[in-house]
Amino acid sequence: MPGIDKLPIEETLEDSPQTRSLLGVFEEDATAISNYMNQLYQAMHRIYDAQNELSAATHLTSKLLKEYEKQRFPLGGDDEVMSSTLQQFSKVIDELSSCHAVLSTQLADAMMFPITQFKERDLKEILTLKEVFQIASNDHDAAINRYSRLSKKRENDKVKYEVTEDVYTSRKKQHQTMMHYFCALNTLQYKKKIALLEPLLGYMQAQISFFKMGSENLSEQLEEFLTNIGTSVQNKTGLVSSTWDRQFYFTQGGNLMSQARGDVAGGLAMDIDNCSVMAVDCEDRRYCFQITSFDGKKSSILQAESKKDHEEWICTINNISKQIYLSENPEEIAARVNQSALEAVTPSPSFQQRHESLRPAGQSRPPTARTSSSGSLGSESTNLAALSLDSLVAPDTPIQFDIISPVCEDQPGQAKAFGQGGRRTNPFGESGGGTKSETEDSILHQLFIVRFLGSMEVKSDDNPDVVYETMRQILAARAIHNIFRMTESHLLVTCDCLKLIDPQTQVTRLTFPLPSVVLYATHQENKRLFGFVLRTSGGRSESNLSSVCYIFESNNEGEKICDSVGLAKQIALHAELDLEEQSRLIAASSRPNQASSEGQFVVLSSSQSEESDLGEEGKKRESEA
């Protein structure tokens, strides 16, 4: 019955079925409150007992540490440094034991006393009044029944008086007990909130006081003492044996999360914002890397299962830590961060050899036998369909999950290959600064909403299998590392370039020149996925050409985007052909015009000479006449 928060006392005089029905609702609520408060009381009592046990155990530990110097070990001599160190620990633990004892007292007074009072006084009163009311109600019903059975023919004044008196007494008693019962149920509705909040407030206040006392006792001097002891223990060989536990790690925002086998959810392992990560050698274990927090106070050493996972973890944590896509100069920072990350994964000589193996075939060396990424010998072939997937995308290639501009040096004709650098741009050609945009003259402007999934360097750029294999590896890496964050952008397709534009600020994040986009394809089954391969130059010679595959997710427009890119390339090709044709026609038409003008000059000269000859002959005829 919503809206009813109390029992009307005046209804006790009538004792109608409606009143009994409303009373049943309040009795059910009181029973539910009683059951819940009993469970809460048991839970809080466990906290209180555990705190008492912790206080006693801490005191016992302190006592045992004090008695260390009295022990006589058969194989151990007198060590004054060890004894004094344990004495210091004993004092600190004794202080902590005192703090735990104070916490136990506060829990007893502020948490256990209020809930015990409510349980023993208010809830028991409800049960007692309910029993008394039930007895009074039964007595009243019995008195009414006896009064109803009085004989009409054989009236007895004495019996009638006794029965009538019994009815009056039982009804009066029922009214009194019913009013007390109603008042107790109404009081319970107002007390239940206070009874629930008061012990919780007491528990929190006791914990706050305990932590304050602990913070005062564990001063900076004690922290320095603990640091020195820890350093000395770690420097002694054989005293500390590290143990390795298999955990499942994943990233969530700027945090590194860990989850043990069988756990329902993961917990926070470390904050990796502005952290540092590097490969380390640890206890003759392979593929280890160390993550250090930004303040240097916390570090963790993890081991990956393979070299690929090793490099992907380092690159992923670097991307999350540095937040490259939010910087003002992403090209320069990306080059520096990725270079340092790769050098941390692999020493410099093998790093050079790896880039030699990733160089596209047939550009810097003749087609000879080479070693593939899997370690078996194979021959170079121009038919890429016959090559393995490892020949298309190297299995140990690091993956970039953030938007990072391709880095290339300035070359003739490529000075503005990847420009824009944060300039605000209108997607439809009007620049915000009043100057003409580079794509304003383009006849094609198509805008799509895309989300960047990742990019990685590839070995080949003329086979669609490259895009499919890159999609597979990037999606697998995202699933392994639980990377769900994607950068949403607007992809502008024009006849000159492809642009990634920030949807909020309209700032161009990346510009891909259309001639550098050499391959594009959509996923065979999932039409939301598409990608393209960009051929970039990392040096001043063509032998340093490299190819990077970019993978995006769209709103079921993968084929439309590929069609738009194909249309843009066709328009650009036709425009280039038309420009060449016009240049050729202009060059061809300039030569006949020059010849015709020279011929015209000759004709005019001959006509003038003929006219002059005719004029002289006419003069002769006139003279003869």
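Analysis parameters
- Residues numbered from 1 in each chain as written.
- Predicted model: local features only at pLDDT ≥ 70, side-chain atom pairs only at ≥ 80, totals over all residues.
- Heavy atoms only, no water.
- Pairing = 2+ DSSP bridges.
- Helix = DSSP H or I, 4+ residues; strand = E, 2+ residues; numbered from the N terminus.
- Axes fitted to C-alpha atoms, helices over the stretch in contact; angles between N-to-C directions.
- Contact = heavy atoms within 4.5 Å.
- 1 Å grid on protein atoms, 1.4 Å probe; cavity = no way out; pocket = protein on both sides within 12 Å on 5 of 7 lines; lining within 4 Å.
- Points joined across faces, edges and corners; volume = space filled by probe spheres on them.
- Nonpolar A, V, L, I, M, F, W, Y, C, P; charged D, E, K, R; others polar.
- Buried < 20%, exposed > 50% of the residue type's maximum accessible area, 1.4 Å probe, protein only.
- Core = buried A, V, L, I, M, F, W, Y, C linked by side-chain atoms within 4.5 Å.
- Expected span 1.5 Å × (residues − 1).
- Bend = angle between axes of the 7 residues up to and from the residue.
- Polar contact = N/O pair within 3.5 Å; in protein donor to acceptor, adjacent residues only side chain to side chain.
- Parallel < 35°, antiparallel > 145°, perpendicular 65-115°, else oblique.
- Phe/Tyr/Trp six-rings, centres within 6.5 Å; stacked < 30°, edge-to-face > 60°.

## Quick look at the sheet that holds strand S13 (residues 517–522)
Part 1 of the reasoning: The strand order across the open sheet formed by seven strands is S12-S11-S10-S9-S15-S14-S13, and the pairing between neighbours is antiparallel. If you trace the sheet from one side to the other, it starts and ends with strand S12 (508–513) and S13, each paired once. Neighbour-to-neighbour, the strand axes of this sheet turn through a mean angle of 35°, independent of strand direction.
Part 2 of the reasoning: Relative to strand S11 (residues 497–501), strand S10 (residues 487–493) runs antiparallel, the two being bridged by four bridges. From the neighbouring strand, Leu491 faces S11, where its bridge partner is Leu500.
Part 3 of the reasoning: Here helix H9 (residues 465–481) sits on the sheet and contacts strand S9 (446–458), S13, strand S14 (529–537) and strand S15 (545–554); the angle it forms with S9, its principal contact strand, is near 85°.

## A short note on empty space enclosed by the protein
One way to see where empty space is left: roll a probe the size of a water molecule over the atoms.
Part 1 of the reasoning: Within the structure shown, the criterion is met by one cavity of 30 Å³ or more.
Part 2 of the reasoning: When its volume is computed, the largest cavity comes out at roughly 40 Å³.
Part 3 of the reasoning: Forming the boundary of the largest cavity are Leu491, Leu498, Tyr520, Phe530, Phe532, Ile561, Cys562 and Val565.
Part 4 of the reasoning: With three residues, helix H10 (residues 558–624) is the largest single contributor of residues to the lining of the largest cavity.
Part 5 of the reasoning: Of the residues contributing to the lining of the largest cavity, the split by class is eight nonpolar, no polar and no charged.

## Points about unusual backbone geometry
Part 1 of the reasoning: Backbone geometry at Asn274 places phi at a positive 60°, although glycine is not the residue there.
Part 2 of the reasoning: A positive phi is found at Tyr287, a non-glycine position, where the angle reads about 55°.
Part 3 of the reasoning: Within the element layout of this structure, Tyr287 appears in strand S5 (residues 285–292).
Part 4 of the reasoning: Tyr287 sits in the partly exposed class, given a relative accessible area of 26%.

## Re the environment of Cys282
Part 1 of the reasoning: Along the polypeptide, Cys282 turns up in strand S4 (residues 276–282).
Part 2 of the reasoning: Taking the relative accessible area as the measure of exposure, Cys282 reaches 14% and is therefore buried.
Part 3 of the reasoning: In this structure, Cys282 is in contact with Trp244, Cys288 and Ile301, ignoring residues within four places of it in sequence.

## A word on the nonpolar core
Part 1 of the reasoning: With 30 residues, the main nonpolar core has Met37 and Leu185 as its most contacted residues.
Part 2 of the reasoning: Counting residues per element, the ones that place at least two in this core are helix H1 (17–66), helix H2 (80–148) and helix H3 (157–217).
Part 3 of the reasoning: It is H2 that contributes the most residues to this core, eleven residues altogether.
Part 4 of the reasoning: When residues no more than four places from it in sequence are discounted, the contact partners of Met37 are Ile115, Phe118, Leu123, Ala195 and Leu196.
Part 5 of the reasoning: Counting residues in each nonpolar core, the second largest holds 24 residues, with Ile403, Phe452, Val493 and Val517 among its members.

## Focus on H3
Part 1 of the reasoning: Here H3 spans 87 Å end to end across 61 residues, near enough to the 90 Å set by a 1.5 Å rise per residue.
Part 2 of the reasoning: If you look at H3, its biggest bend is around 40°, right at Lys191.
Part 3 of the reasoning: For H3, the capping residue at the N-terminal end is Asn156, with a side-chain oxygen 3.1 Å from the backbone nitrogen of Lys158.

## Some remarks on the side chain of Thr85
Part 1 of the reasoning: With respect to the helices and strands, Thr85 occurs in helix H2.
Part 2 of the reasoning: Since its relative accessible area comes to 14%, Thr85 is described here as buried.
Part 3 of the reasoning: With residues near it in sequence (within four places) discarded, Thr85 still touches Phe225 and Ile229.

## Considering the packing of helix H5 (residues 307–322) against H9
Part 1 of the reasoning: For the pair H5 and H9, interaxial distance at closest approach is 11 Å and the crossing angle is 75°. Relative to H9, the element H5 lies roughly perpendicular. Contacts between H5 and H9 involve Lys308, Asp309, Glu312, Trp313 and Thr316 on the former and, on the latter, Gln473, Ala477, Ile480 and His481.
Part 2 of the reasoning: Here the residues of the contact of H5 with H9 are counted per class, giving three nonpolar, three polar and three charged.

## Re the sheet that holds strand S6 (residues 299–303)
Part 1 of the reasoning: Strand order in the open sheet formed by three strands is S4-S5-S6, and the pairing between neighbours is antiparallel. Every other strand in the sheet has two partners, leaving S4 and S6 as the edge strands with one partner each. Each neighbouring strand pair of the sheet contributes to a mean axis angle of 30°, computed without reference to strand direction.
Part 2 of the reasoning: The pairing of S4 with S5 spans six bridges and is classified as antiparallel. Within the sheet, the bridge partner assigned to Ser276 lies in S5 and is Thr292.
Part 3 of the reasoning: Lying over the sheet, H5 contacts S4 and S5, oriented at roughly 10° with respect to S5.

## Examining the packing of aromatic side chains
Part 1 of the reasoning: Applying the stated criterion to the full structure yields ten aromatic pairs.
Part 2 of the reasoning: Taking 5.2 Å as the distance between ring centres and 75° as the angle between the ring planes, the aromatic pair formed by Phe512 and Phe532 counts as edge-to-face. Taken as a pair, Phe512 in strand S12 and Phe532 in strand S14 lie far apart in primary sequence, 20 residues in all. Residue Phe512 shares its accessibility class with Phe532, and that shared class is buried.
Part 3 of the reasoning: Among the aromatic residues, ring-to-ring pairing joins Phe452, Phe512, Phe530, Phe532, Tyr550 and Phe552 into one connected group.

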